[in-house]
Amino acid sequence: MRSMPRLLLAPALAAAGLIGVPLVALVWRAPWGELAPQLVSSTARQALGLSLGCSLSATALSFALGVPLAWLLARTAFPGQRLVRALVTLPMVLPPVVGGVALLLAFGRRGLLGAWLAALGVTLPFTTAGAVLAETFVALPFLVVAEAGFRQVDPRLEEAAAVLGARPGFALRRVTLPLAAPALRAGAALCWARALGEFGATITFAGSFPGRTQTLPLAVYLALEHDPDAAIALSLVLLAVSVAALVALRDRWLGA
Amino acid sequence: MLEAELALRLGTLELRLELAVKAGEVVALVGPNGAGKTTTLRALSGALRLAAGRIALDGRVLDEPARGVFVPPEERAVGMVFQDRLLFPHLSALDNVAFGLEARGRRRADARTLAREALERVGALELAGSRPGALSGGQAQRVALARALVVGPNLLLLDEPLAALDAGARLELRAELGRQLREFKGAAVLVTHDPDDARALATRSLRMAGGRAES
């Protein structure tokens, strides 16, 4: 091992501790004996089921919309491309609560598109669909940045496919998508983890109605006041899912 | 029979070339880097569009800007072999060869049977299950040749097929290529910078420089 300047040791340990100690505390204080009853309680099951449903829907929606956009950004040139790229990745750094306010101003009853949606009989704020939309808003960028996966595919392979008789759709399905798949899978996993943990945009745009919009993170926050053990148990579930996602990503897709 | 009058600009290159290749003929394009040899092939394959001129293959017009005709690469009966092979890295050698057949609507099982036969004809049947990453340069080029030939093109384009190979593999593959070209019924254009390859494989040579043919 190389010798290291002592100056670095203290901050490095503090960094590891800053992340590590709270996580250890969470596991340490967990009501292990009552974990099973806590997790099968109706509130927990409801929140967990809703969270899974919403986050998977948000991931599917992000995939269906984000992958085509990623392809367009990687493979074509159009006016305003840089602006579009900046805009769709903005939610990665935007405070989620701001996203929630923006969603209300767009899709709310008196929002930009609210009247049109109402005419179609669609209500989004404070509904389960709204929770999915809020999660999609913050998670979609993780699939759009999978654009890098498309960039790694040599365009000359697509040229070779065309000369072999492949129409653009066939080349996309059989050459480009399979070669970009590792990046798209990693993007989808990160997108799902982000959607599952979404709090700020969801509570702002969809509220916190048990069984409709009260996802796991919201349930944790609300349980903390009157039932800390339940909050810890639910937090453990989110932690376990996150760790599982990270391990799967490292082993299979990031090659680390 | 290929009849082509090519005119296009690509970067600083200004290509102007007349080319006629009869069925059964192999024309070698020789010349230094930047002479426009690969650009010529890419115009013939449809990867590049002409600015002016005309390409016709067996009487069918493939590209003629003046009349607004452009047939995309996937609808041309053209096979192409690239210097760096460009095999699909995620597919086995067999599936690489079957690719063009499936793209043209063959069912997978049929495509694989024909692909197997095509690999056998170039002496590469034992490579069928290998991924391109596991093949040597010479092996990969045999697979690439089978992939180009299996769809039955009327025009075969070979872009430096023997470059980037070691001496032994080069001689072996040159002999194989010679056999395949003698059996090939269509027109063939071979790009090479090696006069020996041109002499061994081509029925005639055309020397290019600066985007034009030298007389």
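Since we're looking at a predicted model, the values are computed, not measured.

**Student:** Can you help me understand the overall build of chain B in this one?
**Tutor:** Along the backbone of chain B there are six helices and 11 strands. Relative to the compact-globule value of 17 Å for 215 residues, chain B shows a C-alpha radius of gyration of 17 Å, a close match. For the C-alpha atoms alone, the extent of chain B along its principal axes is close to 45 × 40 × 30 Å. Burial analysis of chain B (215 residues in total) assigns 49% to the buried set. Considering only intrachain contacts with a sequence separation of at least 6, the fraction spanning at least 24 residues in chain B is 68%.

**Student:** Help me understand the overall build of chain A in this model?
**Tutor:** A tally of helices and strands in chain A yields 13 helices and zero strands. In chain A, the succession of helices and strands from N to C terminus is α-α-α-α-α-α-α-α-α-α-α-α-α. Seen through its principal axes, chain A has C-alpha atoms that stretch 70 × 65 × 35 Å. Contacts spanning at least 24 positions in sequence make up 76% of the contacts within chain A whose residues lie at least 6 apart.

**Student:** Hey, could you run me through the sheet that holds strand S4 (residues 52–57) of chain B in this one?
**Tutor:** Think of a sheet as strands paired side by side through backbone hydrogen bonds, with each pair either parallel or antiparallel. Residue and element names in this part refer to chain B. Within the open sheet, the five strands sit side by side as S2-S1-S4-S5-S6. Their pairing is antiparallel. Only two strands of the sheet have a single neighbouring strand rather than two, namely strand S2 (13–21) and strand S6 (69–70). Examined bridge by bridge, strand S1 (residues 2–10) and S2 share nine bridges and lie antiparallel to one another. Note on S2: the bridge partner recorded for Arg9 is Glu14. Each of S1, S2 and S4 is contacted by helix H1 (residues 37–45), which is oriented at about 115° to S1, the strand it contacts most.

**Student:** What's the story with the environment of Gly68 of chain B in this structure? I'm lost.
**Tutor:** Note on placement: Gly68 of chain B falls in the loop between strand S5 (60–64) and S6. When the C-alpha atoms of Gly68 of chain B and Gly186 of chain B are compared, they prove to be 26 Å apart, with 118 residues separating the residues in sequence.

**Student:** Explain the nonpolar core here, please?
**Tutor:** For soluble globular proteins, the rule of thumb is that nonpolar side chains tend to be buried together. Counting residues in hydrophobic clusters, the biggest one holds 79 residues, and the most contacted among them are Ala28, Val97, Leu119 and Ala146 of chain B. Ignoring any residue separated from it by four or fewer positions in sequence, one finds Leu119 of chain B in contact with Ala93, Leu94, Val97, Ala124, Leu125, Leu127, Ala128 and Ala146 of chain B. Membership of the second largest hydrophobic core comes to 52 residues, among which are Val132, Phe142, Phe150 and Leu218 of chain A.

**Student:** Can you help me understand the sheet that holds strand S8 (residues 155–159) of chain B in this one?
**Tutor:** All names here are of chain B. Strand order in the open sheet formed by six strands is S7-S8-S9-S3-S10-S11, with mixed pairing between adjacent strands. Every interior strand has two partners, whereas the edge strands, strand S7 (78–81) and strand S11 (212–214), have only one. Pairs of neighbouring strands in the sheet enclose a mean axial angle of 25°, with direction left out of account. Sheet topology note: the S8/strand S9 (residues 187–192) ladder contains five bridges and is parallel. Across the sheet, the residue bridging to Leu157 is Val189, located in S9. Strands strand S3 (26–30), S7, S8, S9 and strand S10 (204–209) of the sheet are contacted by H1, whose axis makes an angle of about 150° with S8.

**Student:** Can you walk me through helix H3 (residues 42–75) of chain A in this structure?
**Tutor:** Residues spaced three or four apart along an α-helix point in a common direction, a consequence of the helix completing one turn every 3.6 residues. Counted at 1.5 Å a residue, the expected span for H3 of chain A with its 34 residues is 50 Å, and the 48 Å between its end C-alpha atoms agrees. The largest bend along H3 of chain A measures about 30° and falls at Gly66 of chain A, with the proline Pro68 of chain A one to four residues further on.

**Student:** It is not clear to me how the interface of chain B and chain A should be interpreted in this structure. Could you clarify?
**Tutor:** Accessible area lost upon the coming together of the parts is a frequently used measure of interface size. Facing the 16 residues of chain B at the interface are 14 residues of chain A. Elements supplying a minimum of two residues to the side of chain B that touches chain A: S7 and helix H2 (93–103) of chain B. Taken together, the residues of the side of chain B that touches chain A sort by class into 10 nonpolar, three polar and three charged.

**Student:** Honestly, the pairing of S9 of chain B in this entry has me stumped. Any pointers?
**Tutor:** Sheet faces and side chains relate simply in a regular strand, where the side chains alternate between the two faces. Residues and elements named next belong to chain B. For S9, the buried fraction is high: six of the six residues fall into the buried class. Burial along S9 is two-sided: the residues Ala187, Val189 and Val191 and Ala188, Leu190 and Thr192 are all buried. Of the crossover connections in this fold, the one passing from S8 over helix H5 (residues 167–183) to the parallel S9 is right-handed.

**Student:** Whenever I open this one, unusual backbone geometry confuses me. Can you help?
**Tutor:** Peptide bonds are trans in most cases, and residues, glycine excluded, mostly fall at negative phi. The residue Asp58 of chain B is not glycine, and still its phi comes out positive at about 50°. Its location among the elements puts Asp58 of chain B in the loop between S4 and S5.

**Student:** Which parts of the structure should I look at to understand the pairing of S5 of chain B?
**Tutor:** Residue and element names in this part refer to chain B. The pairing of S4 with S5 spans three bridges and is antiparallel. When the bridges of S5 are listed, Ile55 appears paired with Asp63. The turn joining S4 and S5, which pair antiparallel and follow one another in sequence, is formed by two residues; a positive phi near 50° is taken by Asp58. Inspection of the sheet shows S5 paired to S6 by two bridges, in the antiparallel sense.

**Student:** Looking at this model, I keep getting lost on the confidence of the model for chain B. Mind explaining?
**Tutor:** Note: predicted coordinates in regions of low pLDDT should not be interpreted at a detailed level. Averaged over all residues, the pLDDT of chain B equals 95, while 100% of them reach at least 70. Note on the complex model: pTM 0.87, ipTM 0.94.

**Student:** Explain the packing of helix H9 (residues 155–163) of chain A against helix H10 (residues 168–197) of chain A to me, please; I cannot follow it from the model alone.
**Tutor:** Angle between the axes and distance between the axes are the two parameters that describe a pair of packed helices. All names here are of chain A. At a minimum axis separation of 10 Å, H9 and H10 run at an interaxial angle of 140°. If you check the angle between H9 and H10, you find them oblique. As for how H9 packs across H10, the hand of that crossing is right-handed. Only Ala171, Val175 and Thr176 of H10 make contact with H9, whose side of the interface consists of Leu157, Glu158, Ala161 and Ala162.

**Student:** Looking at this structure, I do not really get the environment of Leu113 of chain A. What am I missing?
**Tutor:** All names here are of chain A. For Leu113, the position within the fold is in the loop between helix H5 (96–107) and helix H6 (114–119). Given 14 C-beta atoms within 10 Å, Leu113 falls into the partly exposed group. The residues contacting Leu113, other than those within four sequence positions of it, are Ala106 and Phe107.

Conventions used here
Residue positions are given per chain, counting from 1 as you read along its sequence in written order. Chain letters start at A and ligand numbers start at 1, both assigned in the order the entries are written. Only residues with pLDDT of at least 70 are given local features in this predicted model, and only at 80 or more are side-chain atom pairs given and counted; all residues enter the totals for whole chains, interfaces and linings. For the purposes of this entry, the term helix denotes a DSSP run of H or I that reaches at least four residues, the term strand denotes a run of E that reaches at least two, and both are numbered from the N terminus. A radius of gyration in this sense is built from C-alpha atoms; the matching globule rule multiplies 2.2 Å by the number of residues raised to 0.38. We call a residue exposed when 12 or fewer other C-beta atoms sit within 10 Å of its C-beta, buried when the count reaches 20 or more, and partly exposed for counts in between; the C-beta positions come from the backbone. With C-beta atoms placed from the backbone, a contact is any residue pair whose C-beta atoms sit within 7 Å. By this definition, two strands are paired if DSSP reports at least two bridges between them. Helix axes are fitted only over the stretch in contact, all axes being lines through C-alpha atoms; the angle between N-to-C directions runs from 0 to 180 degrees. Any nonpolar core is a set of buried residues, restricted to Ala, Val, Leu, Ile, Met, Phe, Trp, Tyr and Cys, that join up through C-beta atoms within 7 Å. To estimate the expected span of a helix, subtract one from its residue number and multiply by 1.5 Å. The term bend refers to the angle at a residue between two fitted axes, each drawn through seven residues, those ending there and those starting there. When residues are sorted by character, Ala, Val, Leu, Ile, Met, Phe, Trp, Tyr, Cys and Pro go into the nonpolar class, Asp, Glu, Lys and Arg into the charged class, and all the rest, Gly among them, into the polar class. By convention, a crossover is right-handed whenever its connection, traced from the first strand over the helix to the second and viewed with the strands pointing away, goes clockwise. Think of pLDDT as the predictor's per-residue confidence, scored from 0 to 100. For classification purposes, angles smaller than 35 degrees are called roughly parallel, those larger than 145 roughly antiparallel, those between 65 and 115 roughly perpendicular, and all remaining angles oblique. By convention the crossing between two helices is left-handed if the near helix lies anticlockwise of the far one by an angle smaller than a right angle, and right-handed if it lies clockwise.

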